[in-house]
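A structural walkthrough
This is what each chain is made of:
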Amino acid sequence: MFHDGARRRSVALLTTGVLALPAVAACGASEEGNVPAAAQDLAPTPRDLVANGSTLTWAIDAVPGTLNAYQADADTGTTRVAGAVLPALFTLDDKGRPQANPDYLESAEVVEREPRQVVVYRLNQKAVWSDGREIGAPDFAAQWRALRGKDPAYWTARNAGYDRIAKVERGKDDLEVQVTFDKPYAEWRSLFTPLYPKDVMGTPDSFNDSARTTLKNTAGPFSLKKVDRKSGDITLVRNPRWWGDQPKLDQLVFRKVAPKNRTKALTAGRVDLAQVAPGEAERISLARRDKGAKGPLAHGPGAGRAPADALMSWAIAHGTEQEAAESEQLAREQTREAVVAYAAEQKSLGAYEVRKALEPSFTQLALNGADGPLADERVRRAVARALDRKELAETVLKPLGLPAQPVGSHLALAGQDAYEDASDALGSQDTAEARALLAEAGWKPGQGAARPKNAGASGEPAEGAEGEETVGDSGNEDRPGDDGGEYIVGEDDGKSGARGGPMLPGAVAAGQGAALWRQADVVARQDGDGKTEQGAHAQQGGPPGAYAPKGTAAPKESESPGAEGAAGPLAKDGLALTLRFVVPSGAGSEQLRAVADKIAEQLEKIGVTTAMKKVPSSGYFTDHVASGQYDMALYSWPGTAYPATDGRPIHAKPVPAADGSLNVAQNYTRVGTDRIDQLFDQAVGELDDGARKKLIKEADARIWAVAGAIPLYQRPELVAARPSVANAGAFGFATPRYQDIGFLKKGAKPGKQDRKSGS
């Protein structure tokens, strides 16, 4: 997996089944070290058992708009092509750790730290571009100049890391490249991957335009033969100048297949490898189970009809009421045709198997802190404390047979070196303490509270309200599965709005903020043995704004016998506490909507009313999340091997722009603090691994404490593959090794891959 840095994180992911893909739940460190929550599933096979020759077709969502990975519209297709045809100096292993790639590097190390950091790359002497020229310092220098951010003529998406470099020069010979930094950069391994030739990076015109549609000069196991935008095929062929293990495939074809068309492509046999939604994965599993079975399928169209319903249908179809009989006969004929078509599809789907793992990305609940009730930190904390994150993870992952542990970090995933569960900085699920926080914020039970029709959480008319239909007003009985409109949970879904249980008095919540910040500080300063480090800010007296006044945490329900009861929805100043929850309505988002409904149910228990607003998937992120037109939203961020670099723009404190607008970078929750920014700035320049890890942990603890983004679960990675496909599937963290991908030899069985074997 290439590190696309901030460019790769410039848009969040909207997938099938959950919010999904371009490019780490919370199992903590064990005695054997931090391990991924689920292993990759690739059918790993030694190279000598993989056949030479043939073509593999791999589904991608779309033909990429650019082949330049450093432009803003680069996508997963860009990354796939670049990974197969361009140098990757560092790749990721199955734990998401950067590893020097011996195909290009003999070594890479920091040789000086003072007075300035110096990194020396020793290149593989066989490494050449497809035009025969050696890979060397001129390529590194051209990429640095293009990406450092000093020349606005280059339309780059990011300059992180490159802006810290002072100079790039030839070392003691042509095989050595020396990079000197102006400012220390701990995550220097993220740089120069992918590496483009100097003829792409050398001028703004070639960078901006030429590399968008073709790559004439490459240096990977494959080279680019053709991009056919009409057919949607990108064809790669073996690179005749490749010096490493020879690719097992003659051709690798990336084929455009939109997610909604994956089943059709699979049943037609048009692809060998394709990421699929949970529903498609289930159908493939059923197809393999049903192989050789006799009689009609026990699933699919008509399979769920009860005998009494079938008898009634027969009676109507053969009855004396002509119009009703004709209508029923037509319906029965359509069902028969659907059954035949479904059975044929299932037979074709039986030619595939599902390979599954956890994707290196996670879904979070974003709480928009710009305005409205969620601008109050106490309300955000209350929402976060009301969530049963374990239940939410199980909603998505348990039916798939994947580990269902909630993610405990904003900055790393289970298995990575930087991963530590810092969620204790916020606290575990606790309905009573959530209610106490809301009471302290002034939200009280209010039966007469009003919420204006088509209003957002603040009570003002919501964007696009004109012409919208509120389910409860229209009499439409479609509920969470509906594809449009808005409904109020507890009002429009037939559920009771009453909420039992005591409401803690507001006074006992007054110290929650202070206790939380101290807790975050303690969590951040614990070492691996659980001992607390006494740092400069371990007690009161830290940087201004970092700590609240000293106080006490809210008591448990049993400790407050005089607690006030929660008789209904909460209100303040005559308005109900209603949060606008924006969800995508398109096909493939069913699991995401199911998670949203679970969240709404959990919030109802603390008196928070949820107004679900379903919007088209195509504009879900750009029109609502990025623009701030939401109170709550679900979307995903890819994991990263470089948390200090990639985490900062996502969690940086928004700052006013010159035109009066708010510059949020990629922090779509609009929640941040100066201290969090300081910790990222310190971490990115800290060359000591242990010290940098502590800074990352403290930053993560404080991100938990401000409760703008609540990590929920690691996303599932489900891949349909022909059983004969070797060394490909659900990669998890790992970078694909394209030269090893192929088809099993006749009679061969998958086995443990030895990456040193080369035949």
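About the cut-offs
Residues numbered from 1 in each chain as written. Predicted model: local features only at pLDDT ≥ 70, side-chain atom pairs only at ≥ 80, totals over all residues. Heavy atoms only, no water. Salt bridge = Lys/Arg side-chain N within 4 Å of Asp/Glu carboxyl O. Helix = DSSP H or I, 4+ residues; strand = E, 2+ residues; numbered from the N terminus. Buried < 20%, exposed > 50% of the residue type's maximum accessible area, 1.4 Å probe, protein only. Pairing = 2+ DSSP bridges. Axes fitted to C-alpha atoms, helices over the stretch in contact; angles between N-to-C directions. Contact = heavy atoms within 4.5 Å. Core = buried A, V, L, I, M, F, W, Y, C linked by side-chain atoms within 4.5 Å. pLDDT = per-residue confidence, 0-100. Phe/Tyr/Trp six-rings, centres within 6.5 Å; stacked < 30°, edge-to-face > 60°.

Notes on the pattern of salt bridges
- Applying the stated rule across the entire model yields 37 salt bridges.
- One salt bridge in this structure joins Arg378 and Glu440, with 3.6 Å as the shortest N-O distance. With Arg378 in helix α10 (residues 377-386) and Glu440 in helix α12 (residues 431-440), the pair connects residues that are 62 residues apart, well separated along the chain.
- Overall, Arg378 belongs to the partly exposed group, its relative accessible area being 28%.
- Given a relative accessible area of 26%, Glu440 falls into the partly exposed group.
- Put simply, Glu698 and Arg675 hold a salt bridge, and the shortest N to O gap is 3.3 Å. Of this pair, Glu698 sits in helix α19 (residues 689-706) while Arg675 sits in helix α18 (residues 674-684), placing them 23 residues apart in sequence.

Observations regarding the pairing of strand β4 (residues 105-112)
- Of the strand pairs in this sheet, β4 and strand β5 (residues 118-123) are connected by 6 bridges, and their pairing is antiparallel. Of the residues in β5, the one forming a bridge with Glu109 is Val120.
- Hairpin geometry of β4 and β5 is characterised by an intervening segment of 5 residues between the two adjacent antiparallel strands.

What about the sheet that holds strand β7 (residues 176-181)?
- Taking strand neighbours across the sheet as the criterion, the 4 strands line up as β4-β5-β7-β6 in an open arrangement whose pairing is antiparallel. Each having just a single partner strand, β4 and β6 (165-170) make up the two edges of the open sheet. Strand-to-strand twist across the sheet, computed as the mean angle between neighbouring axes with direction ignored, equals 15°.
- Lying on the sheet, helix α3 (residues 137-147) is in contact with β5, β6 and β7; it crosses β6 at an angle near 160°.

As for the nonpolar core
- Core analysis: the biggest nonpolar cluster contains 86 residues, and Tyr121, Phe192 and Leu236 have the highest contact counts within it.
- Residues in contact with Phe192, not counting those within four places in the same chain, are Tyr70, Pro87, Leu89, Tyr121, Phe140, Gln143, Trp144, Tyr162, Ile165 and Val179.
- Leu402, Ala633, Val664 and Leu712 belong to the second-largest nonpolar core, a separate cluster that totals 79 residues.

Side note on the confidence of the model for the protein chain
- Residues of the protein chain with pLDDT of at least 70 account for 79%, and the chain-wide mean is 83.
- Across residues 14-33, confidence stays below pLDDT 50; counting only partners more than four residues off in sequence or on other chains, it has 81 contacts.
- Across residues 528-567, confidence stays below pLDDT 50; counting only partners more than four residues off in sequence or on other chains, it has 82 contacts.

Looking at the side chain of Ser409
- Residue placement: Ser409 occurs in the loop between α11 (389-397) and α12.
- Under the relative-accessibility criterion, Ser409 is labelled buried at 2%.
- Here Ser409 is in contact with Tyr419, Glu420, Asp700, Trp704 and Pro711, once residues within four sequence places are set aside.

Overview of the sheet that holds strand β18 (residues 575-576)
- With antiparallel pairing, the 3 strands of this open sheet are ordered in space as β13-β17-β18. Because the sheet does not close on itself, it has two edges, and the strands there are β13 (444-445) and β18.

Quick notes on the packing of aromatic side chains
- By the definition in use, this model includes 20 aromatic pairs.
- For the pair Tyr104 and Trp243, a centre-to-centre distance of 5.6 Å together with 85° between the ring planes defines the contact as edge-to-face. Of the two residues, Tyr104 sits in the loop between β3 (98-100) and β4 while Trp243 sits in the loop between β9 (233-238) and β10 (251-256), which places them 139 residues apart along the sequence.
- With 6.0 Å between their ring centres and 80° between their planes, Tyr635 and Trp637 make a pair best called edge-to-face. Each member of the pair, Tyr635 together with Trp637, is buried.
- Among the aromatic residues, those joined into a cluster by ring pairs are Phe90, Tyr121, Phe140, Tyr162, Trp188 and Phe192.

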